[in-house]
Amino acid sequence: MNKIPVILDGDPGHDDAIAWVLANASPLLDIRACTSVCGNQTIEKTSYNSMRVMALIGLNVPFAMGRKKPLLREPIIAPNVHGETGLDGPALPEPAIKPEPIDGVELMAKVLKESAEPVTLVPTGPLTNIGALLLLYPELKPKIARISLMGGGIYFGNWTPAAEFNILVDPEAANIVFRSGVPITMSGLDVTEEALVFPEDFERIRALNNPVATVVAEWLDFFYKFHRGKGYDGAPVHDALAVTALVKPEILTMKDYYVQVETAGDFTTGMTIADHFGVLRQQPNATVVLGIDRQAFVDLLVEAAAYYGKVAG
Ligand code: BDR
Ligand code: CA
């Protein structure tokens, strides 16, 4: 079977890192490149974290540092969730690669141009790089097969009552993405808040006792500390859903909607608004993931972590 060519674009971030662990373990994906974005922490920190995660999981593909700031706004960072480094918790190996001497957006464009078949983009941070790519290289749109993103939520937000973090940080970029006409799979809070990984699930991963599984379990320990304080029973591993939508869509429920991004609301900036009743008479622009078989999701993560016990580093 042909693998799905993908570019991973994120702001690691504990859940981004677990998304990359999952992607790299999947026989269904062909990871062509990784890029970082300013989100959970500064671009310097998310870039360093990206390369450390790549070293941990033995992912040896081109990496480039993405945009330093959102398209029009100042950064918002999340040290309260991910720590001062942006990926606090277990010690990680130092980067094994050097970043490409080009911007992340240019690296994406290069990969798209050189690919014989369209490539799927998997953004798990703010959509700054993808927005810039669509603005700067509109001719490459047909080379993008799909954008499988983590962001938004059609019923509620997490950083404001209306907005999810990734969309709130760069709503202008998100607006460009949702208006682009490129097929979108949106794994937002509607599903990620259901995709809780419980402490007993951490122990299944820890018990695998390979170097990657051990780190994943410790990332979950760290990530859960913040969420436990907010009353969660487990850790919502949001970003892993953007990868799950590609490698195990059968465990998800999805529905097509026309989704717009609010860029100028008094209370709703960054909100992703779904036209539930078709009042705008627009064709759907996004497949929105709404539900998940949680146990199957946990099994998928455990299986991915186990993969690293079978391969050398
Ligand atoms: C998103 O925000 C970040 O903190 C996570 O990495 C995830 O991408 C969830 O709202
Ligand atoms: Ca993220």
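Here the structure is shown first, and the text comes after it.
A brief look at the structure comes next. Keep in mind the model is a prediction, meaning the values are calculated, not measured. (Residues numbered from 1 in each chain as written. Chains lettered and ligands numbered in written order. Predicted model: local features only at pLDDT ≥ 70, side-chain atom pairs only at ≥ 80, totals over all residues. Heavy atoms only, no water.)

1. A word on the site of ligand 1
Residues in close proximity to ligand 1 include Asp 15, Asp 16, Asn 40, His 82, Thr 124, Met 150, Asn 158, Glu 164, Phe 165, Asn 166, His 238 and Asp 239, which together make up its full environment. A distance of 3.0 Å is found between an oxygen atom of ligand 1 and a backbone nitrogen or oxygen belonging to Thr 124. Interatomic distance of 2.6 Å between a side-chain N/O atom of Asp 239 and an oxygen atom of ligand 1. Coverage of ligand 1 by the protein chains reaches 97% of its 280 Å² of free accessible surface. Only helix 1 (14-25) and helix 6 (165-169) provide two or more residues apiece to the shell around ligand 1. Each residue belonging to the shell around ligand 1 can be placed in one class, and the counts come to two nonpolar, six polar and four charged. (Near = heavy atom within 4 Å. Polar contact = N/O pair within 3.5 Å; in protein donor to acceptor, adjacent residues only side chain to side chain. Areas by Shrake-Rupley, 256 points an atom, 1.4 Å probe, with all protein chains shown as cover. Helix = DSSP H or I, 4+ residues; strand = E, 2+ residues; numbered from the N terminus. Nonpolar A, V, L, I, M, F, W, Y, C, P; charged D, E, K, R; others polar.)

2. Here's the deal with the packing of aromatic side chains
In this description, a pair of aromatic rings is defined by centroid distance and the angle of the planes. Overall, the coordinates contain three aromatic pairs when judged by the stated rule. Between Tyr 307 and Tyr 308 the ring centres are 4.9 Å apart and the planes differ by 90 degrees, which places this aromatic pair in the edge-to-face class. Overall, Tyr 308 belongs to the buried group, its relative accessible area being 5%. (Phe/Tyr/Trp six-rings, centres within 6.5 Å; stacked < 30°, edge-to-face > 60°. Buried < 20%, exposed > 50% of the residue type's maximum accessible area, 1.4 Å probe, protein only.)

3. Considerations on the pattern of salt bridges
Per the counting criterion, the structure on display carries eleven salt bridges. One salt bridge connects Arg 32 with Glu 117, and the closest N-O pair in it is separated by 3.5 Å. Placement of Arg 32 in strand 2 (residues 29-36) and of Glu 117 in the loop between helix 4 (104-114) and strand 4 (119-123) is noted, with a sequence separation of 85 residues between them. Residue class for Glu 117 comes out partly exposed when judged on its relative accessible area of 32%. Between Asp 221 and Arg 206 there is a salt bridge whose closest N-O contact spans 2.9 Å. Placement of Asp 221 in helix 10 (residues 211-229) and of Arg 206 in helix 9 (residues 199-206) is noted, with a sequence separation of 15 residues between them. On the accessibility criterion, Asp 221 (29% relative accessible area) is partly exposed. Here the residues in one salt-bridge network are Asp 30, Arg 32 and Glu 117, joined through shared partners. (Salt bridge = Lys/Arg side-chain N within 4 Å of Asp/Glu carboxyl O.)

4. A short note on the nonpolar core
Cys 34, Ile 57, Trp 219, Leu 220 and Phe 297 are the most contacted members of the largest nonpolar core, which totals 66 residues. Ala 33, Leu 127, Val 177 and Ile 184 belong to the second largest nonpolar core, which has 36 residues in total. (Core = buried A, V, L, I, M, F, W, Y, C linked by side-chain atoms within 4.5 Å.)

5. Details of the packing of helix 5 (residues 128-136) against helix 7 (residues 171-178)
Running from amino to carboxyl end, helix 5 crosses helix 7 at an angle of 55 degrees, the nearest separation of the two axes being 8 Å. One way to sum up the angle between helix 5 and helix 7 is to call them oblique. Note that helix 5 runs across helix 7; the crossing there is left-handed. Here Thr 128, Ile 130, Gly 131, Leu 134 and Leu 135 of helix 5 come into contact with helix 7, specifically with Ala 173, Ile 176 and Val 177. Split into classes, the residues belonging to the contact of helix 5 with helix 7 amount to six nonpolar, two polar and no charged. (Axes fitted to C-alpha atoms, helices over the stretch in contact; angles between N-to-C directions. Parallel < 35°, antiparallel > 145°, perpendicular 65-115°, else oblique. Left-handed = near helix turned anticlockwise from the far one by under 90°. Contact = heavy atoms within 4.5 Å.)

6. Comments concerning the environment of Asn 210
Relative to the helices and strands, Asn 210 is located in the loop between helix 9 and helix 10. Each C-alpha atom, one on Asn 210 and one on Asp 11, is 25 Å from the other, the two residues being 199 residues apart in sequence. If we ignore the near neighbours within four places in the chain, the residues touching Asn 210 are Ala 305, Ala 306, Tyr 308 and Gly 309. Here the side chain of Asn 210 touches Val 212 through a polar contact of 3.0 Å, landing on its backbone nitrogen. A polar contact is formed between the side chain of Asn 210 and the backbone oxygen of Ala 305, at a distance of 2.8 Å.

7. Quick notes on the pairing of strand 4
Here strand 4 lies mainly inside the structure; five of its five residues are buried. The alternating pattern of strand 4 places Val 119, Leu 121 and Pro 123 and Thr 120 and Val 122 on opposite faces, both of which are buried. Relative to strand 4, strand 1 (residues 4-10) runs parallel, the two sharing four bridges. Bridge assignment links Asp 9 to a residue of strand 4, and that residue is Pro 123. Here three bridges tie strand 4 to strand 5 (residues 144-150), and the two strands are oriented parallel to one another. By the bridge assignment, Leu 121 is partnered in strand 5 with Ile 147. For the crossover from strand 4 across helix 5 to strand 5, the handedness is right-handed. (Pairing = 2+ DSSP bridges. Right-handed = clockwise from strand over helix to strand, strands pointing away.)

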